[in-house]
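Spelled out, the chains give:
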Amino acid sequence: MSGINIEKVDHIGIRVRDFDRALAFYQVLGFKLAIRVTFDPVAIIRNEHGVEINLILNADADDPEKNILMDLGDKYSGYTHAALRVASINDTMAALKAANITITQGPSKFGDDGGVSLFVRDPDRNVIELRGRHTGDIPGVTQYTNVN
């Protein structure tokens, strides 16, 4: 048995190409700049609930049309997305629409836990899942079920 007792996720690191463009996107999700690190290419953003994302500001590869982990036929190892809990899927859908952020998948229900997920992409095509409880009528929900 391990002596390591992980209590929660501390933060998520997401590599981006353009700080201002990325910050504008994550501000729609409720994040604000907390610290712009001077000794490393990192900007720490947080929301009012203390959820932290580190924007890693050193993406130097060309701006590909696809996310290599999500969009290519070959499946490479690596993190595919971050899932963030939201208070209201309905309010989140409205805020995304108002900000002209495309929902790339969803609304979707995975299993019977009452959660509904929306998937969006930041300007660098990093996938973010926004997940919340089902509250009222949500049009167009796709129900995924377990297949044994």
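All residue numbers refer to position in the chain's written sequence, counted from 1. Since the coordinates come from a predicted model, pLDDT governs what is reported: local features require at least 70, and pairs of side-chain atoms require 80 or more to be given and counted, while whole-chain, interface and lining totals use all residues. Excluding hydrogens and water, the side-chain values take into account all heavy atoms of the structure.

*Asks:* Break down the overall build of the chain for me, citing the residues and quoting the values.
*Replies:* Here a helix means four or more residues in a row that DSSP labels H or I, a strand means two or more in a row labelled E, and each is numbered from the N terminus. Looking only at helices and strands, one finds 2 helices and 9 strands in the chain. Listing the helices and strands of the chain from first to last along the sequence gives β-α-β-β-β-β-α-β-β-β-β. Once the C-alpha set of the chain is aligned to its principal axes, its extents read approximately 50 × 45 × 35 Å. For every residue, the accessible area obtained with a 1.4 Å probe (protein chains only) is divided by the maximum for its type, and the residue is called buried under 20%, exposed over 50%, and partly exposed between those limits. The proportion of buried residues among the 148 residues of the chain is 33%. Put simply, 51% of the contacts in the chain that link residues at least 6 apart link residues at least 24 apart. For the chain, the exposed area adds up to about 9,900 Å²; of that, 50% sits on carbon and sulfur atoms. Of the side-chain charges in the chain, 16 are positive and 20 negative, and the distance between the mean point of each set is 3 Å. Contacts are assigned to residue pairs with any non-hydrogen atoms lying within 4.5 Å of each other. To measure how exposed things are, a 1.4 Å probe is used in the Shrake-Rupley method; for residues, cover is taken only from the protein chains shown. Counted charges follow a simple rule, with Lys and Arg positive, Asp and Glu negative, and His plus the chain ends left uncounted. For charged residues, the charge sits on one atom: NZ in Lys, CZ in Arg, CG in Asp, CD in Glu.

*Asks:* Account for the side chain of S117, naming residues and giving values.
*Replies:* Tracing the sequence through the fold places S117 in strand β7 (residues 115-121). For S117, a relative accessible area of 0% translates into the label buried. Definition of a polar contact: a pair of N or O atoms within 3.5 Å, with one able to donate and the other able to accept a hydrogen when the atoms are protein atoms, and with sequence-neighbouring residues admitted only if both atoms are side-chain atoms. A distance of 2.8 Å separates polar atoms of two side chains, one belonging to S117 and the other to R131. Residues contacting S117, with those up to four places away along its chain left out, are Q105, G106, P107, S108, F110, E129, L130 and R131.

*Asks:* Before we move on, can you summarise the pairing of strand β4 (residues 52-56) with the specific residues and values?
*Replies:* By the criterion of burial, β4 is predominantly enclosed, with 4 of the 5 residues buried. Direction of pairing for strand β3 (residues 42-46) relative to β4: antiparallel, over a ladder of 5 bridges. Following the sheet pairing, I44 is matched in β4 by N54. One bridge is not enough; two strands pair if DSSP finds at least two bridges between them.

*Asks:* So what about the sheet that holds β3? Which residues, and what values?
*Replies:* The pairing of strands in a sheet comes from backbone hydrogen bonds and takes either a parallel or an antiparallel form. What the 4 strands build is an open sheet, ordered β1-β4-β3-β2; its pairing is mixed. Edge strands, defined here as strands with exactly one partner in the open sheet, are β1 (12-15) and β2 (32-36). Pairwise comparison of adjacent strand axes, ignoring direction, gives a mean angle of 30 degrees for this sheet. The sheet strands contacting helix α1 (residues 19-28) are β1, β2, β3 and β4, and the helix crosses β4 at an angle near 160 degrees. Where helices are involved, their axes are fitted lines through C-alpha atoms of the stretch in contact, as for all axes, and angles between N-to-C directions lie from 0 to 180°.

*Asks:* Please provide a residue-by-residue account of helix α2 (residues 89-98), values included.
*Replies:* When α2 is considered as a whole, its buried residues turn out to be I89, T92 and L96. In an axial view of α2, the angular spread of the buried residues amounts to 60 degrees, which keeps them on one side of the axis. Exposed and facing more than 90 degrees away from the buried side of α2 are D91, K97 and A98. Contacts made by the buried residues of α2 are with β6 (103-110), β7 and β8 (127-133). For α2, the N-terminal cap is S88; the gap from its side-chain oxygen to the backbone nitrogen of N90 is 3.4 Å. One or two residues past the end of α2 sits N100, with phi positive at roughly 60 degrees. Directions from the helix axis toward the C-beta atoms define the arc.

*Asks:* Quick one: what's the story with the layout of surface pockets, residue by residue and with numbers?
*Replies:* The computed volume of the second largest pocket comes to approximately 570 Å³. Lining the second largest pocket we find 21 residues, and of these L29, G30, N47, R85 and V86 sit closest to its centre. For the lining of the second largest pocket, the secondary structure elements donating two or more residues are β5 (81-85) and α2. It is α2 that contributes the most residues to the lining of the second largest pocket, 4 residues altogether. Class assignment for the residues of the lining of the second largest pocket results in 11 nonpolar, 5 polar and 5 charged. The distinction between a cavity and a pocket rests on a 1 Å grid over the protein atoms alone: a 1.4 Å probe fits inside a cavity but cannot get out, while a pocket stays open yet meets protein on both sides within 12 Å along at least five of seven lines, and a residue with an atom within 4 Å of a point counts as lining. Grid points are joined across faces, edges and corners, and a volume is the space filled by probe spheres set on the points. Lys, Arg, Asp and Glu make up the charged group, whereas Ala, Val, Leu, Ile, Met, Phe, Trp, Tyr, Cys and Pro make up the nonpolar group; the residues left over, Gly among them, are polar.

That's the geometry; what it means functionally is another story.
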